[in-house]
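A structural walkthrough
Listed here are the chains, written in short residue letters.
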Amino acid sequence: MKDKKQGNRVLTYGIAFSICLCALAGSAVLYLSETFIRNGIADMAGAVGTVAPEQLGDVMHLYKAGDGLRDAGVEILGQYGYGRDIYSFIPAWFGAAAYAVPFCIILAMFLSFGFYWRTKAWETEKRAAALSGYLDRIMEGQYDTLMQDGTGSALEDSIYKAVVLLREEREQAQKAKKNLADNMADLSHQLKTPAASIGLTLSLLKKKALDEQGMDDIKRMEGQVIHLRQLVGFILTLSKLDAGVLALEEKEFDLEEMLVDAVQPFVRQMEEKGICFGIQGADGILLIGDFGWCSEAFGNIIKNCMEHTPEQGNISISCQDNPINTEIVIQDSGGGFDEADIPHLFERFYRGAGSSKDSAGIGLALSKSIIEKENGTVTAENAETGGARFRIKFYHCHRIST
């Protein structure tokens, strides 16, 4: 507000100064004109009085009457070299002043307006910088930071209220997410206890089973218990990711070592199906992130490829590094995705057309959440040669904390 008043004051002073210049210039021109005319008449009267003093009275009376003298006077002046051009009989400085004075007035007005608008621009830049810093301080939690006295306005007050409200809502949402994660953790522990008890009971029943049908039933139940444990683990991890409370390390690790660790749990199943597996281009590539959780994310993708790859098929992983990102492409020789499933593959609890009956639809969603937390992206598509293809990119910049 103070800067605005100062800018208006400058404009007012500039206009007042220009008006004063105009008044002074008009007075000066009027005074010079009167002086010049008076001097001209005096010179003419002196010339007549010197040459014909006895006729001076008649000349002055005739000059005062002024009837029909102008045309005759112009003709007489022309005979002695004084034409209609005013510069032929007035001083040169008078003509120069007639142009210089208005020019100076106009220049003063332009300078006044220019200085005013420059002041306004400087004021706008200053206020924008102040608002930017003001918002930064509020976002840092300095709620008691108010604009300095004399510079506040309704805009700053509105911004302050809006930012504080948004920040409080964000904190409440984060608390709600954390509470949800804590509740999910409690629930998962509550589920793990009966699941472990059921598993122990099934182990005891296996020893007492009397026939083959009973053993088959027990094995099916054991499989369901294992599936339940995995499902509880997935849900717990997703809830922590959503709440932003999952601790992710930021250490340098070898990409090839991580991929080998990710495929290790599925080696036996691949051997049983005769699936050929290979990794290319990962040698010597280093990434920064959490080794364990990256291995978990890639393991879920590899598991998906293995489940949809027929016997004697193949799964390949190719890696490429460049200054911007590291790209990992995982491709299988299965039947590929149904086109209707591709936009929904990474949605939670979504089961595509070719999903197994035991699939809960969480694995790929968990992989996507982890990869994005590691400053990466993952997409799925059908390869031109057939089969499914997952394309993962890790960008070479610091992870963004949320």
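Residues numbered from 1 in each chain as written. Predicted model: local features only at pLDDT ≥ 70, side-chain atom pairs only at ≥ 80, totals over all residues. Heavy atoms only, no water.

Helices and strands together make up the secondary structure of the protein, namely 10 helices and 7 strands. Taken across its 402 residues, the protein has 28% of its residues classed as buried. In the protein, 70% of the contacts between residues at least 6 apart in sequence involve partners at least 24 apart. By element, 59% of the accessible surface of the protein is carried by carbon and sulfur atoms, the whole surface being about 26,000 Å². (Helix = DSSP H or I, 4+ residues; strand = E, 2+ residues; numbered from the N terminus. Buried < 20%, exposed > 50% of the residue type's maximum accessible area, 1.4 Å probe, protein only. Contact = heavy atoms within 4.5 Å. Areas by Shrake-Rupley, 256 points an atom, 1.4 Å probe, with all protein chains shown as cover.)

Looking now at the sheet that holds strand 4 (residues 314–321). What the 5 strands build is an open sheet, ordered 2-4-5-7-6; its pairing is mixed. Across the chains shown, the open sheet's two edge strands, defined by having one partner strand only, are strand 2 (276–280) and strand 6 (376–382). Each strand axis lies, on average, 10° off the axis of its neighbour in the sheet, ignoring direction. As judged from the 5 bridges shared by strand 2 and strand 4, these two strands associate in the parallel manner. Residue pairing across strands places glycine 278 opposite serine 316, the latter belonging to strand 4. Sitting on the sheet, helix 10 (residues 363–373) is in contact with strand 6 and strand 7 (388–395), with an inclination near 140° to strand 6. (Pairing = 2+ DSSP bridges. Axes fitted to C-alpha atoms, helices over the stretch in contact; angles between N-to-C directions.)

Interaxial distance between helix 9 (residues 291–307) and helix 10 falls to 9 Å at its minimum, and their mutual angle equals 145°. Seen along the crossing, helix 9 lies across helix 10 with a hand that is left-handed. Contacts between helix 9 and helix 10 involve Trp293, Cys294, Glu296, Ala297, Asn300, Ile301 and Asn304 from the former and Gly363, Leu364, Leu366, Ser367, Ile370 and Ile371 from the latter. Partitioned by chemical class, the residues of the contact of helix 9 with helix 10 number 8 nonpolar, 4 polar and 1 charged. (Left-handed = near helix turned anticlockwise from the far one by under 90°. Nonpolar A, V, L, I, M, F, W, Y, C, P; charged D, E, K, R; others polar.)

The next subject is the nonpolar core. The nonpolar side chains of a soluble globular protein tend to be buried with one another. Counting residues in each nonpolar core, the largest one holds 43 residues, and the members touching the most others are Leu255, Phe298, Ile330, Phe390 and Ile392. Those elements giving two or more residues to this core turn out to be helix 6 (212–243), helix 7 (255–263), helix 9, strand 4, strand 5 (325–332), helix 10, strand 6 and strand 7. Residue contributions to this core peak at 7 residues, all from helix 9. The residues touching phenylalanine 298, leaving out its near neighbours within four places in the chain, are Met258, Leu259, Ala262, Ile328, Ile330, Ile392 and Phe394. (Core = buried A, V, L, I, M, F, W, Y, C linked by side-chain atoms within 4.5 Å.)

With that settled, the discussion passes to the packing of aromatic side chains. Summed over all chains, the structure comprises 4 aromatic pairs. Consider the rings of phenylalanine 298 and phenylalanine 394, whose centres lie 6.1 Å apart with planes at 35°: the pair is tilted. Placement of phenylalanine 298 in helix 9 and of phenylalanine 394 in strand 7 is noted, with a sequence separation of 96 residues between them. There is no split in this pair, since phenylalanine 298 and phenylalanine 394 are both buried. A ring pair is formed by phenylalanine 346 and phenylalanine 390, whose centres lie 6.4 Å apart and whose planes are at 80°; its orientation type is edge-to-face. Here the residue phenylalanine 346 occupies a position in the loop between strand 5 and helix 10, and phenylalanine 390 occupies one in strand 7, the gap between them amounting to 44 residues. (Phe/Tyr/Trp six-rings, centres within 6.5 Å; stacked < 30°, edge-to-face > 60°.)

For helix 9, with 17 residues, the first-to-last C-alpha span of 24 Å sits near the 24 Å given by 1.5 Å per residue. Looking at helix 9, one finds that the buried residues are Cys294, Ser295, Ala297, Phe298, Gly299, Asn300, Ile301, Ile302, Asn304, Cys305 and Met306. N-cap assignment for helix 9: the residue whose side-chain oxygen lies 3.1 Å from the backbone N of glycine 292 is aspartate 290. (Expected span 1.5 Å × (residues − 1). Polar contact = N/O pair within 3.5 Å; in protein donor to acceptor, adjacent residues only side chain to side chain.)

To continue, consider the packing of helix 7 against helix 9. Interhelical geometry of helix 7 versus helix 9 gives an angle of 55° and a closest axis separation of 8 Å. Regarding the angle of helix 7 to helix 9, the classification is oblique. For the element pair helix 7 and helix 9, the recorded crossing hand is right-handed. Residues Glu257, Met258, Leu259, Asp261, Ala262 and Val263 of helix 7 form the contact with helix 9, whose participating residues are Phe291, Cys294, Ser295, Phe298, Gly299 and Ile302. (Parallel < 35°, antiparallel > 145°, perpendicular 65-115°, else oblique.)

The subject of this paragraph is a nonpolar patch on the surface. Taken together, Phe103, Leu107 and Leu111 make up a surface patch of nonpolar side chains, about 320 Å² in accessible area. Structurally, the position occupied by leucine 107 is in helix 4 (residues 92–139). (Patch = residues over 30% accessible without salt bridge, like charges linked within 9 Å, V, L, I, M, F, W, Y side chains within 5 Å. Salt bridge = Lys/Arg side-chain N within 4 Å of Asp/Glu carboxyl O.)

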